[in-house]
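Spelled out, the chains give:
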Amino acid sequence: MAIELHDLTRAQRDRLAFIELRVRFLGEVRRQDLFGRFGIQAAAASRDLAAYKDLAPGNLDYDSKNKVYVRAALFRPLFDFPPARVLASLTRGYGDHEPSKQRPLISSEPAAEINDPDLEVLSVVTRAIHRKSAVQISYRAVSSGMTSRVIVPFALADSGSRWHVRAYDRRTNEFRDFVLARIADARFDDAPIDDEELPEHDIQWNRIVELELVPHPANMRNPDTIEAEYGMTDGMRVIRVRAALVGYMLRRWNVDCTPDHSLRGGENYLWLKNRQALYGVTNLVLAPGYTESNMDR
């Protein structure tokens, strides 16, 4: 009698979902991955892999040389993972269980996402990150429309409203952010990776910027409220951010980046005290109130 997914316990389904998550988005899974995640013995891990192969017979191939199960060419998902769960699992290390629509313990409503990335596109990008390879993509750029390019991805980043992949762009010969939802198609490129394309050469990614945030001097009549909300010490919160992500962070938190705290919007609770820290950061077009002309003031 063939095994069915509903015949398994919740714990077994969680482990099978974990197998699929790794195979689909990293391209491989080992028995040791199950040991580390669930604390089970070798025999139980082998049974889980066998059960997954019974339920999804075309999804796994075994690489006997490297002793690892790899994604098969005819892979078809067994589980229906929501993109938000996938991204949380890949980037934060939690939520890697069987997707379900359980009733929440406390009523809540998440903010609307601009658009979810295509999971098959995401799986190519994440597998390329995992195995350190290049990807050919069709990309919808704001300035130039649909373009074809080859990128070398190495990290995902959440701007607060959309997900990006950080990558070396062979079209412009520089490191850039690409919005995942704008990638229309992705496939592996087997060309070798050059040394300058490696993440250690991404200056903006590797530079850490310290931002000194204080309650907005003009907009906040009760600064102690903001000090408490943002966990400030002595009236200041110091945030360490990768230079490549500074613009996103300042936009997300609505930080006034003018030299004289002149933004009067009700959403501007914070002012950037040490504007000199922004020298050399390249994505400041996103920073509220920032202009090149007022940088030296």
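Everything here concerns the structure above.
Once a new chain begins, its residue numbering starts again from 1 and follows that chain's sequence as written. Selection of residues for local features in this predicted model requires a pLDDT of at least 70, selection of side-chain atom pairs for listing and counting requires 80 or more, and totals for whole chains, interfaces and linings are taken over all residues. Hydrogens and waters are ignored; side-chain quantities use all the structure's heavy atoms.

**A closer look at the overall build of the protein chain**
- Runs of H or I in DSSP of at least four residues are treated as helices and runs of E of at least two as strands, each being numbered from the N terminus. The secondary structure content of the protein chain amounts to eight helices and twelve strands.
- If you line up the protein chain on its principal axes, its C-alpha atoms span 75 × 50 × 30 Å.
- In the protein chain, once contacts between residues fewer than 6 apart in sequence are set aside, the share between residues at least 24 apart is 60%.
- Only the protein chains shown count as cover for residues, and all accessible areas are computed by the Shrake-Rupley method using a 1.4 Å probe. Here the protein chain displays about 16400 Å² of accessible surface, and carbon together with sulfur accounts for 48% of that area. A contact between two residues is defined here by any heavy atoms of the two lying within 4.5 Å.

**Details of the sheet that holds strand 12 (residues 270–272)**
- By definition, two strands form a pair when at least two bridges between them are found by DSSP. Strand order in the open sheet formed by four strands is 10-9-12-11, with mixed pairing between adjacent strands. Two strands lie at the open edges of the sheet, namely strand 10 (237–242) and strand 11 (255–256), each paired on one side alone.
- Bridge count for strand 11 against strand 12 is two bridges, and the pairing is parallel. Among the inter-strand pairings, Asp256 is bridged to a residue of strand 12, identified as Trp271.

**Considerations on the packing of aromatic side chains**
- Pairing of aromatic rings covers Phe, Tyr and Trp, the last through its six-membered ring, and needs centres within 6.5 Å; plane angles under 30 degrees mean stacked, over 60 mean edge-to-face, and all others mean tilted. Scanning all chains against the criterion turns up eight aromatic pairs.
- Both rings, one in Phe79 and one in Phe81, keep their centres 6.1 Å apart while their planes meet at 50 degrees; by these two values the pair is tilted. Considered together, Phe79 and Phe81 belong to a single accessibility category, that of buried residues.
- Centre to centre, the rings of Phe154 and Trp205 are 5.4 Å apart; their planes meet at 85 degrees, and the pair counts as edge-to-face. With Phe154 in strand 5 (residues 145–158) and Trp205 in helix 6 (residues 203–206), the pair connects residues that are 51 residues apart, well separated along the chain.
- Whether a charge sits over a ring comes down to the Lys NZ or Arg CZ being within 6 Å of the ring centre and within 35 degrees of the ring normal. Between Arg131 and the ring centre of Phe188, over which it is positioned, the NZ or CZ distance is 3.7 Å. The buried label goes to any residue with under 20% of its type's maximum accessible area, the exposed label to any with over 50%, and the partly exposed label to all in between, with areas taken from a 1.4 Å probe on protein chains only.

**Some details on helix 1 (residues 10–26)**
- A helix is expected to span 1.5 Å multiplied by its residue count minus one. An ideal rise of 1.5 Å per residue puts 24 Å on 17 residues; helix 1 measures up with 23 Å between its terminal C-alpha atoms.
- Counting buried positions along helix 1 yields 13 of 17 residues, so the element is predominantly enclosed.
- Looking one or two residues beyond helix 1, the residue adopting positive phi is Gly27, at roughly 90 degrees.

**Description of unusual backbone geometry**
- Look at Asp234: it is not a glycine, yet its phi comes out positive at around 55 degrees.
- With respect to the helices, strands and loops of the structure, Asp234 is situated in the loop between helix 7 (223–229) and strand 10.

**Observations concerning the packing of helix 4 (residues 83–92) against helix 5 (residues 119–131)**
- Working convention: axes come from line fits to C-alpha atoms, limited for helices to the stretch in contact. Angles between N-to-C directions cover 0 to 180 degrees. Packing of helix 4 against helix 5 leaves a shortest axis separation of 11 Å and a crossing angle of 15 degrees. By the angle between their axes, helix 4 is roughly parallel relative to helix 5. For the element pair helix 4 and helix 5, the recorded crossing hand is left-handed. Contacts between helix 4 and helix 5 involve Pro83, Val86, Leu87 and Leu90 from the first element and Leu119, Leu122 and Thr126 from the second.
- Here the contact of helix 4 with helix 5 is composed, by residue class, of six nonpolar, one polar and no charged. Here roughly perpendicular refers to angles of 65 to 115 degrees, roughly parallel to angles under 35, roughly antiparallel to angles over 145, and oblique to all remaining angles. Helix crossings fall into two classes, left-handed where the near helix is turned counterclockwise from the far one by less than a right angle and right-handed where it is turned clockwise. Asp, Glu, Lys and Arg are counted as charged, while Ala, Val, Leu, Ile, Met, Phe, Trp, Tyr, Cys and Pro are counted as nonpolar; the rest, among them Gly, fall into the polar class.

**A closer look at the sheet that holds strand 3 (residues 68–71)**
- Pairing in this open sheet of three strands is antiparallel, and the strands run 1-3-2 from one edge to the other. Of all the strands in the sheet, the pair left with one neighbour each is strand 1 (28–29) and strand 2 (60–63).
- By the bridge criterion, four bridges tie strand 2 to strand 3 in an arrangement that is antiparallel. Bridge pairing in strand 3 links Leu60 to Arg71.
- This element, helix 3 (residues 42–55), spans strand 1, strand 2 and strand 3 of the sheet and lies at about 135 degrees to strand 2.

**A closer look at the nonpolar core**
- Residues belong to one nonpolar core when they are buried, are Ala, Val, Leu, Ile, Met, Phe, Trp, Tyr or Cys, and are joined through side-chain atoms within 4.5 Å. Residues Leu122, Ile137, Leu156, Leu180 and Ile183 are the most contacted members of the largest nonpolar core, which totals 45 residues.
- It is helix 1 that contributes the most residues to this core, seven residues altogether.
- In this structure, Val241, Leu272, Val281 and Tyr290 belong to the second largest nonpolar core, which totals 23 residues.

**Observations regarding the pairing of strand 7 (residues 174–179)**
- The sheet contact formed by strand 6 (residues 163–169) and strand 7 spans six bridges and is antiparallel. When the sheet's bridge partners are listed, His164 is paired in strand 7 with Val179.
- Between strand 6 and strand 7, which pair antiparallel one after the other, the connecting turn spans four residues, and Asn173 there sits at a positive phi close to 60 degrees.

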